[in-house]
Every structure is written in C-alpha cells, then in structure tokens.
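# Residue-level structure breakdown
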Amino acid sequence: MSSNETRMDALREAVTAAGRRIAPTWPLDQLIAVNPWWELRDKPLPAVASRLAALGQVNCLMPRSWYRARWQREIRFEHLAAALAETGLPLDEKQLLAWLDGEDQLAHWHNFSDQVDGTRDLERQVSWHDEIVHQVSQFCASVFSGDTPLPAVADTGLYREWLDAVRNDRGIEIMMGERGLHRQFEALPDDEDALFQAAAEAFELGPELAEDYFHALLLEVNGWASWVAYLRWQANLAGGEDDRMPALIAIRLAWELVLWRHHGEQHAETAAIVRRQWRQQFDRLPGLLRQHRDAQRPAWVWQRAAEFAFQGSLHDSLLAPVPAAAPAERPSLQAVFCIDVRSEVYRRALEAQDPSIQTLGFAGFFGLPIAYAPAGSAYERPQLPGLLPSALTAVEAGDEAAVEARSRGFNSRARWEAFGKKAPAAFGFVEAAGIGYALRLLRESFVGGAPAHPVNEHCTHGARFELRQDGRALDAAAQAGLVAGVLGAMTLTRNFAPVVLLAGHGSSTRNNPHFAGLDCGACCGQTGEVNVRVLAQVLNDADVRAHLASDHGIPIPADTRFVPTLHDTTTDELRFFEALPETDAPLADWIAAASAATRRERATALGVSPARSDSDIPARSRDWSQVRPEWGLAGNACFIVAPRSRSRHLNLGGRSFLHDYDRHADAEAGYPVLELIMTAPMVVTHWINMQYNASVTDPTRYGSGNKVLHNVVGGNLGVFEGNGGDLRIGLPLQSVHDGEDWVHAPLRLSVYLDAPAEAIAAIAEKHEVVRQLIDNEWLYLFRIDDEAGEIQRLHRGRWSVAGSSATSAAA
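About the thresholds
Residues numbered from 1 in each chain as written. Predicted model: local features only at pLDDT ≥ 70, side-chain atom pairs only at ≥ 80, totals over all residues. Heavy atoms only, no water. Helix = DSSP H or I, 4+ residues; strand = E, 2+ residues; numbered from the N terminus. Expected span 1.5 Å × (residues − 1). Buried < 20%, exposed > 50% of the residue type's maximum accessible area, 1.4 Å probe, protein only. Pairing = 2+ DSSP bridges. Axes fitted to C-alpha atoms, helices over the stretch in contact; angles between N-to-C directions. Contact = heavy atoms within 4.5 Å. Left-handed = near helix turned anticlockwise from the far one by under 90°. Nonpolar A, V, L, I, M, F, W, Y, C, P; charged D, E, K, R; others polar. Polar contact = N/O pair within 3.5 Å; in protein donor to acceptor, adjacent residues only side chain to side chain. Core = buried A, V, L, I, M, F, W, Y, C linked by side-chain atoms within 4.5 Å. pLDDT = per-residue confidence, 0-100.

Taking 1.5 Å per residue as the helical rise, helix α13 (residues 207-220) with its 14 residues ought to reach 20 Å, and the 21 Å between its terminal C-alpha atoms agrees with that figure. Within α13, 11 of the 14 residues are buried, leaving the element largely enclosed by the surrounding structure. Within the span of α13, buried status applies to Leu209, Ala210, Asp212, Tyr213, Phe214, His215, Ala216, Leu217, Leu218, Leu219 and Glu220.

Here is the structure:
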C-alpha cells in the first residue's frame, strides 16, 4: 500500500471517528431526552467539556455568576472543602472565591470560514459562518423532510445531492457579494473521497489532528449532525447501516475548500496571512486543549460543591430512621406509576389519603417491549425506550367494519392535511378554508379547546389488543411468561389489592411542537396509554392468570382487578380507560383529593395561586398561547432504587426518580432485576438528566430556543428558531427558564441503590456502558448501607464512604 493510500485510510478513519462523537436526536413526535454527549461517554466528563469548549465554544458548565448566586445560600464552606479534597487540585478556598469574580479570555478553535470572517465588515455584511449554516441547514431540511423520497438521495449520495443543489444556486454569490464564488463550487470534486483528498492537500491536513477539525465542523451544524446520528441509530437497531455523517462532514469541508480557493483568488494580498494564521492552529491545538482544561478546573470544583450541597441533605434524609410500618395487611389500593419525577409528587399525595394505599414506581413502558399498530392503518410506532428495539407488536383488534371505517378516516385526514401543507396548494387552501379557520382561531383564542394528543386520535376507546411476535399471536402461556417478568421487576408478586391501578403518564398541551418531550420517555415520547391498557388486559385474563399461578408461582386473587389509567402531568388528573370497580374504599374520593393536592403543590412554581389551582391549571392546558403549561422534569437530580418504605415519609420535591426494588427477592435469582435497572432505567434517567443540564448550560447549541419563534421543519424533524439557522435540538427555553431565572439546576444525576456492594460492582464491571458512566463521572452511583449507617460511592472499582476519603476495594 502506498503512503498516499495509507494517509487516505487514516483520514477516512478520522472522518468516521469524528462522526461517532455526535449523539442522536429523535423526531418531534417521538421526542425523548438524550444526553447530547452520549457518544463521548468513554472519556471523563471534564475532559469532554474542555475539548468541546476549545473546538466549538460549548458550555458544559454554568457561568461564574450562577455559582456566585448560590454561594452561602446553597453552597457552603464544607461543600467547597469536600469538593477540593475530592478533586485534589492545588487550590485553596481564597483562590476559588476570587475565581467567582474573574473572567476567562481564552482563545478557541476557528474553522477557516471563521478566519475569513475576521477580515469582513460584519456590521454591513453577512458572515460566512451564518451563510454556511443557513445553506447547509436549508439543504438538509429539503432532503430529510417527508416530502423528499430518501431513496433518490441514497442512490447518488448526500454529498453529491448537495453538490447538485449548490451548483444550481446562484443566490449565494449575490447574497455574499463575492463574484466568482460559483466557479469554486463547479470545481469541487464529484465524490467524497476526492473531496477529502483535495482538502487534505490544500490544508496540509494530517490525520492525527483531522478528527478534532472534523468534529469542529460538525459542531457548527450540530442539530443536523444529530439528526443524521438518529438515522444511524435507528438503522443499527434494525440490524442495518445508514451512516451519512461522512457525507455531512464532506459538505461542510467542501465549504472550507471553496472559501480557501476563493479567498486566495479574490483577496490575494491578505490570503497568505489568513491561511498561515489558520494553519498555525493545528500546531497550537494540543496547547489550546490544555488551556481550556486548566481554566475549567476551578469551575469543576464549584460544580462538585453544588452537587455535594444537594447530596448532603439527601444523604441525611435517607439515613434517618424509617418510621415503623404497620403490620403487613392487604392494601385497599395499589397504584403503579412511572419512575418519572412528576410521579413522586402525585404518589406522595395519594399515599397521604390513607395508610392502606400502596404506590410503586416502575419504568413507564411497564416492561412491555412493544410497538403499537392502530386498527385500520399500516402505521406502527415504538412504545418502549429508544435504547431498545421492539420485540412484540400490540395490534388493536376490532371487527371488519370498524377497521374499515377507521382506515377510511385515516386516509381522508391524511389527504386533507397533506393538501393543506403542500407548497403549490397553500395559497388556494387558505383562500378556500380561510373563513373556517378564522372562526376557529377566534374560538380557540377566547374560549380555548380540548388538549389534543395523537394517542387520543389513534386509540379506540374500549378496544382490545392482540400481542404478536413475528406476525403470530402470543398464547396465554407466553403472555404469562412475559408479565411474570414484569410483576417480578415491579416487586408485585404477592399481597395484591382488590384494585391495582396501572398509571401510565402523558401531557395535555396546545400548539406545542415539543409535546412528546412532556410525555413518557420510556414509551419513546408517547403516552403510556397503550402499555397500561395492554398490561391490564393481559393481567385480567383468566387463562393468563392460571398460567401465572401454575407456571410461575404468582397467584392473583380472583377479586383483584387491574385498571389502566393515565396520569396527566399537566393537569394532574387521572384518566381512566375503564370504570373503577366498586369496593368498600372511597377510591374515587382518594384520587380526586390526591389530584387536587398535587395541583396545589405545583401551583406556585407555575405562577398560579394554590387556591385557584383546580381551575387555572387545567385552563393552562387548553390555552394555545401558554408557553409554560408545566415544568416537565425540570429539577431532576436523583434516582432512588429501593423499597418505597425507605422514601415514603420523605418530601423529595419532585426531584427524584423512584423505582421500587426488593434486594432480598432479587438475590434468589442472582440479581437480574438490579442488572436490568442499572442497564436500562438508570441509563434513561441519565439521558433525561443530561438533556436538561445541557439545555441550561448551553441553551444556544443544546436547547431549541424561544417557543414563540419556532417553525416546525419537515413535518416532525425538529424546529428552526425563526426561519433558518441550524436544526434546534434539546428543550425550549421556556421549559427550563421562568423569564427571570433557571428552574433547573444542572447537577449530575445521583443514583442510590439499596443493594449489596458486591452485586452492584459486578454489574458495573460486566457492562461497559455502566462502568463508563460511573468511572468517567457522568453520574454518581451510591449504595445505602443500613448495617454501617452510611452512604457509599462506587468510583473506578472502589467503594468509599460518601463525603470522606476512606476507601476500600470493591468486592
């Protein structure tokens, strides 16, 4: 192999590696929270933060003013001292306090387009940076929207498709006022490999630093890079391949080469200087990375101190004596909720109604690895975490006439909506339907309307479901095997109440493209309606119950009824899909009182008077001008995996994910439930936590901006803020900011497991992803040690008492 071929192979590897640094973003109708730095988890978070800051001016930490505002209010000397001791940095408290009033003036990486922008009068001219982002973004929007058949793009390749588009766009030259620019697009190579080779030769680009450079290019179009990463993720889940990231890098690199050549021809007097200054960056890059790492060290001490402040008070609460429980009796009501932090408030309110009420926390997809197929449609959608592929399909059953009617309804609505959104028909559509829409506009503006949700439109009230695997229906024995695992993981295998509520959750908002982000992340951004209805149907089936008793040792009393319901997190109402059974207990009264108490607790944070919460909070869900109908999962900070008895007496303020877990029952089989929790719900909660954190620390790149300015792209791909710029990912500003201050404190997730040290350490060692999250400080993993009366932390294979330097080797 020639040296040139070796060099090109190394360059291709750098392209692939740079693309692998980008995490996916899900479409609006399946919007789930994602750690935007997920693909960098094999590196310590502080190292990732300094690299991102150097390459793309990314903020993984809050500004000094945020820590200053919390000094002596939340963060105290003991927290700062503990953080210093843990990090081992050669700093003292005086230096850290002085840092709060300082200011960083660090250099950062410049792509060549940025370097050229330094020679332009940006007060009168559009910057190359803005024009490039706009052009690439508009191209991606046209290619990836639902109206463009992707196979056509796949045939020619994304880069070649862009090349054809840009060569036919003379407006760029006019907009930028640069004559001759168009010739440079014509001169570009026709394929990606030739483009990479031409750029490497022109820039004297070595493969050893190319990965960072390509990553810097992707950070300028990070939203679309994240969408391409989603396509790659979905293809991998299905066992296929779809990696267009090299093509996206090629597109952005082609712009660099165009400017390199054009600037050299049109501005010969300054081109040599600009080129030399830009090339010198490659020699300075290792030093630049060190500068950012060193500059961020005090900030990480303050960040750790803020986390110590939160953890310290929680540790005290978890180690306090648990109130004595009454002798075990049959509960009058059991209610299983999602582990979502919003459920914590409702569970506490429901339990307060009567000591005989028992609530449990479980993953919101209720352990069902299903996709949902509505009757009368070929459409399927996932109802499980985005980490997983579906193994079963829940097919909505119905008689032939009903299915045909539903099919006609779907087709009619699809044609009407498509007609109204097609560009050629848009003006005629408005002329023809404008009066009707004007009346609707007036009604909705002054009266309001019922909150809309796709699930409500698709699911048939009272319909039954058939579970299928590879097209074949599961028999009662197979269904029993499925739900036996669910009940075991739920810690609900005995002492069943007469009524067991299966409470999925969803939201109810208007005029909100990000509605799915308020729904159940474990259901892939859908509500949990399908999952709880399917599970209740299976658990209420007599044949399934017979197999549960005989095959799995789980006898369910004949008088126990599983009732599917949906917790509306916007209004804090429970929506029932079948009537509550009659019992001696006042179930309806308890539920109504719990809903009212939950609304009162949440009212103040929403700017609503608690006295008017029963009327004003539901009204907000119907108001299509309301940009803050609920706070979602803002404030999330910890995940407690333990019996509910350990936290039932605590007010966790809606900041904790809660998963019920019985280590004694799990020990018999070798801790499979603990392994499942650490590899699935713990990862999902980490994703949620990091998306909220990133949307606060860097709302420009990892938040989706102002809701008022949103325009939906490609039907459901995402949003633009205004009419252009990059595809915006993450949370809207109004989801994490109340207009005056942030409502989410960006603290890394603290996970607390009530489980043996040996079992936890073994699972962490077995699963690389779990070990990376723990050892690289993306989250904190603690265990509650009742015998020693302490909280212990696992980090890099060793246990230490939380808050001290005493360590012992993990068993």
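Strand order in the open sheet formed by five strands is β2-β1-β8-β9-β10, and the pairing between neighbours is mixed. The open sheet terminates on both sides in strands that have one partner only, identified here as β2 (357-362) and β10 (573-576). Adjacent strand axes in the sheet meet at a mean angle of 30° when their direction is disregarded. Of the strand pairs in this sheet, strand β9 (residues 561-568) and β10 are connected by four bridges, and their pairing is antiparallel. When the sheet's bridge partners are listed, Leu566 is paired in β10 with Arg575. Contacts between helix α24 (residues 587-603) and the sheet are confined to β1 (333-338), β2, β8 (499-506), β9 and β10, with β10 contributing the most and set at about 140° to the helix.

Moving on to unusual backbone geometry. One non-glycine residue with positive phi stands out, namely Thr491, at about 60°. Considering the arrangement of structural elements, one finds Thr491 in the loop between α21 (476-489) and β8. A positive phi angle is found at Asn511, which is not glycine, with a value near 55°. Positionally, Asn511 belongs in the loop between β8 and α22 (529-539).

Moving on: the packing of helix α7 (residues 128-144) against helix α15 (residues 245-266). Interaxial distance between α7 and α15 falls to 11 Å at its minimum, and their mutual angle equals 145°. In terms of crossing hand, the pair formed by α7 and α15 is right-handed. Facing α7, whose interface residues are Trp128, Ile132, Gln135, Val136, Phe139 and Cys140, α15 presents Leu248, Ile251, Arg252, Trp255 and Leu259. When the residues that make up the contact of α7 with α15 are grouped by side-chain class, the tally is nine nonpolar, one polar and one charged.

Moving on, we get to the sheet that holds strand β5 (residues 392-396). What the five strands build is an open sheet, ordered β4-β3-β5-β6-β7; its pairing is mixed. Each of the sheet's edge strands pairs with one partner strand only, and the pair in question is β4 (381-382) and β7 (472-473). Bridge count between strand β3 (residues 370-373) and β4: two bridges; the pairing is antiparallel. Bridging across to β4, Ala371 finds its partner in Pro382. In this fold α22 packs onto β3, β4, β5 and β6 (465-469), with an angle of close to 95° to the strand it touches most, β6.

Glancing now at the side chain of Thr527. If you trace the backbone, Thr527 turns up in the loop between β8 and α22. Of the residues examined, Thr527 reaches a relative accessible area of 3% and is grouped as buried. A distance of 3.2 Å separates a polar side-chain atom of Thr527 from the backbone nitrogen of Glu529.

Let us now look at the nonpolar core. Trp162 and Phe214 are the most contacted members of the largest nonpolar core, which has 220 residues in total. The leading source of residues in this core is helix α16 (residues 268-319), at 16 residues. For Phe214, the residues in contact, after removing those within four places along its chain, are Leu11, Ala14, Val15, Ala18, Phe196, Leu205, Ile249 and Leu253. Grouped together as the second largest cluster of nonpolar side chains are 17 residues, Ala335, Ala585, Trp590 and Ile591 included.

Another point: the pairing of strand β20 (residues 798-801). Here strand β19 (residues 790-795) pairs with β20 via four bridges, running antiparallel. Residue His795 lies in a different strand from β20, and its bridge partner there is Arg798. Remark: two residues form the turn of the hairpin made by β19 and β20, two consecutive strands paired antiparallel; Arg796 in that turn has positive phi of roughly 55°.

Confidence in the prediction of the protein, expressed as mean pLDDT, is 90, and 89% of residues score 70 or more. Considering only residues more than four positions removed or in separate chains, one finds that residues 147-152, a stretch of pLDDT under 50, has seven contacts. Of the regions scoring below 50 in pLDDT, residues 804-811 engages in 16 contacts with residues more than four places distant in sequence or in other chains.

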